[in-house]
Amino acid sequence: MKHNVLTALVLAATTALPAAAQGTYRGDVAHTGVLQTQAPRQFKQVKWSFPTGQRIVSSPVWSDGALLFGSDDGNLYSVDAASGRQRWMLATRGPLASTPAVAAGRVYALSFDGGLYAANATTGELLWKFATEGERRFEARGLHGSLPRSQTFADPFDTYLSSPLVADGRVYFGSSDGHVYALDAASGALLWKHRTGDVVHASPAYADGRIYVGGWDGKLYALNAKTGEQAWAFQAGVDPLMHNQQGFQSSPAVVGGVVYSGCRDGHVYALDAATGRELWNHNTNGSWVNSSPAVSAGQVHVATSDSALYKVLDAKTGQLVREHGVQAYVFSSPTIAGDVVLLGVLNGVLQARDKASGALLWEFQTEASRTNRGWVLTADKRFNGALLFPSSWHEGMAQGAERQQGVGSFFSTPLVVGGVVYIGSADGRMYALE
Amino acid sequence: MRRTALPLSAALLMTAAQAAPDPGGRWEGTAEIPGAPLPLVVDLARTPAGVLQGSVILPGRAVKGAPLQAISASDAGLGFGLAAAFNAPADAAPQVRLHWQADGSLAGEWLQAGMSAPLRLQRTGGPQIDLPIAATALTPALLGRWVGRYELGGYPREVTLTLSNGPAGLGAGELVVVGKRRTELAIDHVVQGREFLTLKASSANYRIEGRYAADRIEGQVLQGPFEAAIVLRRAAPGATP
């Protein structure tokens, strides 16, 4: 009898652990991208889907049996994981393009209206709101080769806002106003802010009293979590001509004293967390690495944009272990859950792969992707470049980017709880897959 | 014979009434506007008093849970307006007219600006209507006069806010804003949470929201795309706006 009780307690503890650990982007404050649970190795069905009013680029997090996530319709949602029904909704005044963080019964999220919102995670009641100097997309003259070169364009591929991180009673996040902020988690009072050179849309990671985050100035910063004082800054590539090969959209992972991050300069970097010294870099031949790395068992799992590759690198050396074509751009980040790696792709397909071999286990494709209205995709689910971008002039690039997302792109990063996979789509729906 | 006929016709009427389709539920479909298909999710349910109410989600248009207007349901079909969803006057807003189909779906037209597009809705589940956030009463500690100041476009505005509870027991108030000119607004929707207060003046799409304490309300003034920081403090006795 004693043995049974003990077994039951151990089982309860291990079952409860994943949910408790999944209240933040990338699963934990170090952003390992590893969930202490098992993802399904076979796809059975869509358990439910929950419609919102605009695309979802935010990733779901878990709180007390509910999924919390934002939508570009401006709302922060709590949806019951079992039924798929809404528990509450909190309206903001701009697209909610960050992933919420849950800690001590509160949920925090950043909106394009310039507000960092804190609400009761159970009821959705607004507790406080902190105003940044304003959120916006990265912009530059002649961005990505847009014409006329003398005109400033907002980057249609700058998708996310910084997802807040909560540690030691503080909320950390980056802002388009160029600052990294630390607020008191209970009151919203400003504790410190650190100035960077451009917008900061990556999410800070926390380890050993420091936070680590990259910005669009091409620098990855290590800051004292208590004071905001800069410990070091690592300068990645810059691109003064087109501003294309520049900026950290990827959020870093910190494991074993090493900071891993992708960068739009076409590299994956490993930096010494103590000094900022570059340990290695992996060259992706100009392909953006917007997805955030997942680090597990001495390997770094990342995915690229234009070259559409899922890569596994040796965490110590950066050597390529293997790579797999995934057909289309990846902005979403790999989630490791047991022996499965989940990867959302911008062609509206979620892929589940065997962690050891990379073999494709199953796929889920949105209805919009299957319908492929306007031939956004080729027959083999690649982006149909010939039809997508009408022109480099004026807003041609933005029009093309919007068409791409019409297939229900997965910008969101998957979450796994209790054998169910949750992921948001640019078709505006949060999906529960089992 | 007469005796038999009356109960029979009554029975027929009852059968017809019982067979009237129930529009309650979640409905999904796409208005086939040429070149710009418009997906929509409609939720309909009856209140305990039997009144049909509904809301709509328009994926891709950032509309979630906007209330439906002029909902009409009959044995023949269903109709409603979408003025709130499109932020348009009722006479310019899209209207939907649908008829019951043999398979239980609803088919008809999406009407707007003198044009029409085919629309078919399929029932996909139970209703999940978004109800508007309920107004609350104000606690005694917040009642009375508050003064503050904010800047917008480089010009200062002096604010005097008087809070009260209205006849229905819900929070209300008056707002006087003095900048280049004097503006008086009625606060007609109040939500007081445990720590956060929201005050709306619907006539001007004007809102004050923020954290409150016994002697201080600290937050933002919001109007359309504009937002400014404001701190309101208890007014000194005898102060005039």
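For every chain, the first residue of the written sequence is number 1, and numbering continues from 1 onward in sequence order. Each chain takes a letter, starting from A, and each ligand takes a number, starting from 1, following the order in which they are written. Thresholds applied to this predicted model are a pLDDT of at least 70 for local features of residues and 80 or more for the giving and counting of side-chain atom pairs; totals over whole chains, interfaces and linings are not thresholded and use all residues. Heavy atoms from the whole structure form the basis of all side-chain values; hydrogens and water molecules are not counted.

Visitor: Please set out the confidence of the model for chain B residue by residue, giving values where relevant.
Guide: Residues and elements named next belong to chain B. pLDDT is a residue-level measure of predictor confidence that goes from 0 to 100. Taken over all residues, the pLDDT of chain B has a mean of 90, while the share at 70 or more is 90%. Should any heavy atoms of two residues lie within 4.5 Å, those residues are counted as being in contact. Segment residues 1-18: pLDDT under 50, and one contact once partners within four positions in sequence are set aside and those in other chains are kept. On the interface metric, ipTM, the complex scores 0.86, and its pTM is 0.91.

Visitor: Explain the interface of chain A and chain B to me, using residue names and the numbers behind them.
Guide: Frequently, the measure chosen for interface size is the accessible area that the parts lose on association. Opposite the 27 residues of chain A that make contact, chain B presents 31 residues. What gets called buried area is simply the loss in accessible area from a 1.4 Å probe that two parts show on being joined, summed for both. Carbon and sulfur atoms supply 42% of the area that chain A and chain B bury against each other, a total of about 2,100 Å² over both sides. By salt bridge we mean one thing: a side-chain nitrogen of Lys or Arg within 4 Å of a carboxyl oxygen of Asp or Glu. Summed over the shared surface of chain A and chain B, the result is five salt bridges. In this structure, the salt-bridge partner of Arg93(A) is Glu227(B), at a minimum N-O distance of 3.6 Å. Whenever a nitrogen or oxygen atom comes within 3.5 Å of another N or O atom, the pair is scored as a polar contact, on the condition that within protein one atom can donate a hydrogen and the other can accept it, and that pairs from neighbouring residues in sequence are kept only if both atoms are in side chains. Inspection of the region where chain A meets chain B yields 12 residue pairs in polar contact (both at pLDDT 80 or more).

Visitor: A description of the sheet that holds strand 5 (residues 75-80) of chain A should follow, citing residues and the corresponding values.
Guide: All names here are of chain A. Across the sheet, four strands lie side by side as 3-4-5-6; this open sheet has antiparallel pairing. Of all strands in the sheet, those bounded by a partner on one side alone are strand 3 (61-63) and strand 6 (86-91). Ignoring which end each strand starts from, the neighbouring axes of this sheet average 25° apart. Here a strand pair is declared whenever DSSP counts at least two bridges between the two strands. Note on conventions: DSSP H or I runs of at least 4 residues are helices, E runs of at least 2 residues are strands, and numbering of each starts at the N terminus. Pairing of strand 5 with strand 6 involves five bridges; the strand directions are antiparallel. Its bridge partner lying in strand 6, Asn-75 is registered against Ala-91. Helix axes use the C-alpha atoms of the stretch in contact, all axes being lines fitted to C-alpha atoms, and the angles between their N-to-C directions lie in the range 0 to 180 degrees.

Visitor: Summarise the pattern of salt bridges; cite the residues concerned and give the values.
Guide: Tallied over the entire structure, the rule returns 24 salt bridges over all chains. In this structure, Glu195(B) and Arg211(B) form a salt bridge, with 3.2 Å as the shortest nitrogen-oxygen distance. Pair noted here: Glu195(B) is in the loop between strand 14 (189-192) and strand 15 (196-201) and Arg211(B) is in strand 16 (residues 206-213), with a separation of 16 residues, a long-range link. Here's how the labels work: a residue is buried when its accessible area is under 20% of the maximum for its type, exposed when over 50%, partly exposed in between, all with a 1.4 Å probe on protein chains only. The class of Glu195(B) is partly exposed, set by a relative accessible area of 30%. Under the relative-accessibility criterion, Arg211(B) is labelled partly exposed at 26%. Here the residues in one salt-bridge network are Arg93(A), Lys129(A), Arg207(B), Glu209(B) and Glu227(B), joined through shared partners.

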